[in-house]
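Here's the letter readout for the chains.
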Amino acid sequence: MITIDKFNFSGKKVFVRVDFNVPLNDKFEITDDTRIRAAMPTLKKIIADGGSPIIASHLGRPKGVESKYSLKHILPRVSELLGVDVQFADDCVGESAGVKAAALQPGEALLLENLRFYAEEEGKPRGLADDASEEEKATAKKAIKESQKDFTKKLASYADVYVNDAFGTAHRAHASTALIADYFDADHKMFGFLMQKEIDAVEKIMKDPARPFTAIIGGSKVSSKIDIIENLLSKVNNLIIGGGMAFTFEKAKGGKIGNSLCEDDKLELAKEIMKKAEAAGVNLVLSSDAKAGDSFSNDAKSIIAEANNIPDGYMGLDIGPKGEDEFADVIKASKTILWNGPVGVFEFDNFAHGSQVVAKAIVDATAAGAFSLVGGGDSVACVNKFGYADKVSYVSTGGGALLEFIEGKVLPGIKAIRGY
Ligand code: AMP
């Protein structure tokens, strides 16, 4: 497999799939350009070599052509960050896209309109009536798969080289994220710098981690983290469970959890996880105390209670001081750390302390030589809130893609390029 750092893009047209799915306010101004910045090393390398990037992305979840999801809104910022006056094609497979792509000179760049203005990008039929029969659904599905081939071929026809730098959509087998790779031979398709960094970071911790390896899994629901937990059980030394999901475990152990969040249909599963952890020799760590509030609010009246003895009328919204020490001790003794999901309702300042202590312990462990990966929307928001983003080893830009990667799934966007 070729790597982007070794490739010379001189004179080449390069189809670059990026993830420019950035948040916009009601004036269509970008409120967070992190994702655009994240793709700059790849785009700048292509331009510096004398190549011409044809930049493609989705934005939002349009149902067809919807001007509020036009990539035109972000064109000025892309030009500014790239330092090049980027051209725009207002239809990603329209005539002008082909003409503009063909006319691109070395060092020039073209941004294509939102790929998801076409249902073919995702390959899912649109506009089917709610009461459509199974047969109608099957016919529509077949039709879109057929037209998806033409769509993909058209996109591929603009370029000599394909670069995928959109880790955020790597778990999707879409036209521009996976299928298009078939139109380029092994010497003309590769990951962008961002994608490569994401893959390296996850594989570093999942394949041969320095030990002890500790995963901190938090957030609200056990159900959304089951697959990750199952996969981690065969890899980690310590599994810290925090956040709302910890109370399903407490209840499964026979604890009294008051009004805390609990998935009663997952109690058996929680017991099974605890058994599996024991069998695998994994140290499963739950906080021994909780900071509980009398309502789900920052201004709730709060008490510190044993995590397995929370009074009725109170719900655990953060770990308590004992839990903070317990978690921090395990984290600071670790050489590899994965953090996904806050250990409390960190959005409420009065219940953010536990997550802050966890973040600080990760920062300290990192300073002492550990490799730390923070990923999944909320934990990233957490490290940003506390100003620690540049003090951990790696902050992933991927949400769903990162979770699926850690779950051990093969991601279509990765497989399309390296074959696995
Ligand atoms: P998730 O999307 O499953 O990772 O969950 C993240 C959310 O879990 C955040 O918005 C937190 O506020 C929430 N959360 C963390 N701890 C608790 C808790 N003890 N009770 C309720 N929600 C929580």
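> In this structure, what is going on with the nonpolar core? I would like to understand it.
Side chains that are nonpolar tend, in soluble globular proteins, to be buried together. In terms of nonpolar packing, the biggest core is built from 68 residues, with Phe15, Ile54, Leu112, Leu155, Leu232, Leu239 and Leu373 touching the most fellow members. If one sorts the elements of this core by residue count, helix H6 (residues 193-207) sits on top with 7 residues. Two domains each provide a minimum of three residues to this core, namely domain 1 (4-195) and domain 2 (209-406). Aside from chain neighbours lying at most four places away, what touches Leu232 is Met206, Phe213, Ala215, Ile217, Leu338 and Ile406. Judged by nonpolar contacts, the second largest core, of 31 residues, contains Ile47, Leu82, Phe88 and Leu111.

> How should the packing of helix H7 (residues 226-233) against helix H9 (residues 267-280) be read in this particular structure?
For any two helices packed against each other, the geometry comes down to the angle between their axes and how far apart the axes lie. For the pair H7 and H9, the least separation of the axes is 10 Å and the interaxial angle reads 15 degrees. The angle between the axes of H7 and H9 places the two elements in the roughly parallel class. Along this stretch, H7 crosses H9, giving a crossing that reads as left-handed. Contacts between H7 and H9 involve Ile226, Ile229, Glu230 and Leu233 on the former and, on the latter, Leu269, Ile273, Lys276, Ala277 and Ala280. Of the residues belonging to the contact of H7 with H9, the class tally is 7 nonpolar, no polar and 2 charged.

> So what exactly am I meant to see when it comes to a negative patch on the surface here?
Together, Asp130, Asp131, Glu135 and Glu136 make up a negatively charged patch on the protein surface. Tracing the chain through its elements places Glu135 in helix H5 (residues 134-157).

> Just checking my understanding: could you explain helix H2 (residues 75-82) for this structure?
The periodicity of an α-helix, 3.6 residues per turn, causes residues three or four positions apart to be oriented the same way. Residues Leu75, Val78, Ser79, Leu81 and Leu82 constitute the buried set of H2. Next to the buried residues of H2 lie helix H1 (34-49), strand S2 (52-56), strand S3 (87-89) and strand S4 (110-112). Following H2 by one or two positions, Gly83 has its phi on the positive side, about 75 degrees.

> It is not clear to me how the sheet that holds strand S12 (residues 302-306) should be interpreted in this structure. Could you clarify?
Two modes of strand pairing occur in sheets, parallel and antiparallel, and in both the strands are linked by backbone hydrogen bonds. Across the sheet, which stays open at both edges, the 3 strands sit in the order S12-S11-S14 with antiparallel pairing between neighbours. Both outer strands of the open sheet, S12 and strand S14 (315-319), are each paired with one neighbouring strand and no more. Each neighbouring strand pair of the sheet contributes to a mean axis angle of 40 degrees, computed without reference to strand direction. Across 5 bridges, the pairing between strand S11 (residues 289-293) and S12 is antiparallel. The residue of S12 that forms the bridge with Lys291 is Ile304.

About the criteria used
Residues numbered from 1 in each chain as written. Predicted model: local features only at pLDDT ≥ 70, side-chain atom pairs only at ≥ 80, totals over all residues. Heavy atoms only, no water. Core = buried A, V, L, I, M, F, W, Y, C linked by side-chain atoms within 4.5 Å. Buried < 20%, exposed > 50% of the residue type's maximum accessible area, 1.4 Å probe, protein only. Helix = DSSP H or I, 4+ residues; strand = E, 2+ residues; numbered from the N terminus. Domains from an automatic or database assignment. Contact = heavy atoms within 4.5 Å. Axes fitted to C-alpha atoms, helices over the stretch in contact; angles between N-to-C directions. Parallel < 35°, antiparallel > 145°, perpendicular 65-115°, else oblique. Left-handed = near helix turned anticlockwise from the far one by under 90°. Nonpolar A, V, L, I, M, F, W, Y, C, P; charged D, E, K, R; others polar. Patch = residues over 30% accessible without salt bridge, like charges linked within 9 Å, V, L, I, M, F, W, Y side chains within 5 Å. Areas by Shrake-Rupley, 256 points an atom, 1.4 Å probe, with all protein chains shown as cover. Salt bridge = Lys/Arg side-chain N within 4 Å of Asp/Glu carboxyl O. Lys, Arg positive; Asp, Glu negative; His and termini not counted. Charge placed at Lys NZ, Arg CZ, Asp CG, Glu CD. Pairing = 2+ DSSP bridges.

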